Amino acid sequence: LLFLFAGLNYVGRFLLDQCGGDDEGAFWLLAAALTRFDIAALYAPGMKKVRLAYFQLERLLASHLPQVFAHLQKLEISVDLFATSWFITLFTDGALLPPRGLTSLWDALWICDGLPQEQWALCFRVILWGLQLSSAQLLQSRDFETCLHCLHHLDTQKVWEPAGQELKQLLLRS
C-alpha cells in the first residue's frame, strides 16, 4: 500500500512543479486528475486497474512490437516488472519520458476531452512509441538483468530528444 502512495507522491510533485510551487493549485489539479483520468482506480484495493493495464500492454506489445514482445517472453520479463512505475506514477517518475515529453503528455491528457479510456489509449501509444524507439537496445540485451535494467533506465536524452517532434505529432493526433 505504501508503494501506491509513493506513486501518487510523484504525481503530486509533478503537479506542484507545474504550478510553480502553488500547493493549493497543485492540490486541485490532483483532485481533478483523480476523477478525470480515473487515477483513483489505480490505487483501489487489489489494483484491478493496474492489472488490467498490464494485460492491455502485454496484448499491445504482442500485436504492435512482436519482436520486442518475443524477446521479453524469452527472457521471462513480464510487463509488471517494468511498467508498474509508469502506471502507478502516471509516467512522472521520469523513467519513460524526459521532463518536456512528460509535460507534453500531461498537456495532451488535459486537452483530450474524451473518456478515461481515450486518455489511457494515449498513454499506451506513448509507451509503445517509447519501446519502439528503444527496441534496438532492448533486443541487444541478452539476459534478464541487462534487459530489465534497460527498461528501467531508458536513456531518455539519447532516445527521446531527437524524436521530440515525433512525440508532439503523436500527442496532437489524439
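Residues numbered from 1 in each chain as written. Predicted model: local features only at pLDDT ≥ 70, side-chain atom pairs only at ≥ 80, totals over all residues. Heavy atoms only, no water.

**Side note on the pattern of salt bridges**
- Applying the stated criterion to the full structure yields two salt bridges.
- Measuring nitrogen to oxygen at the nearest pair gives 3.3 Å for the salt bridge that ties E58 to R59. (Salt bridge = Lys/Arg side-chain N within 4 Å of Asp/Glu carboxyl O.)

**Overview of the packing of aromatic side chains**
- Within this structure, the stated rule accounts for seven aromatic pairs.
- With a centroid separation of 6.2 Å and 55° between ring planes, the pair formed by Y54 and F87 is classed as tilted. In this pair, Y54 is assigned in helix α3 (residues 48–64) and F87 in helix α5 (residues 80–88), connecting sequence segments 33 residues apart. Take Y54 and F87: they sit in the same class, and that class is buried.
- Ring centres of F82 and W86 lie 5.5 Å apart, and the angle between their planes is 70°; this geometry places the pair in the edge-to-face category. Taken together, the residues F82 and W86, both in helix α5 and four residues apart, mark about one turn of the helix. For the pair F82 and W86, a shared accessibility class is recorded, and that class is buried.
- Ring-pair connections join several aromatic residues into one group, and the members of that group are Y54, F87, W120 and F124. (Phe/Tyr/Trp six-rings, centres within 6.5 Å; stacked < 30°, edge-to-face > 60°. Helix = DSSP H or I, 4+ residues; strand = E, 2+ residues; numbered from the N terminus. Buried < 20%, exposed > 50% of the residue type's maximum accessible area, 1.4 Å probe, protein only.)

**Notes on the nonpolar core**
- If you look at the biggest cluster of nonpolar residues, it comprises 52 residues, and the most contacted ones within it are L57, L61, F82, W86 and W106.
- Counting residues per element, this core draws most heavily on helix α7 (residues 116–133), at eight residues.
- Here L61 is in contact with P66, F69, L72, V79, F82, L128 and L131, once residues within four sequence places are set aside. (Core = buried A, V, L, I, M, F, W, Y, C linked by side-chain atoms within 4.5 Å. Contact = heavy atoms within 4.5 Å.)

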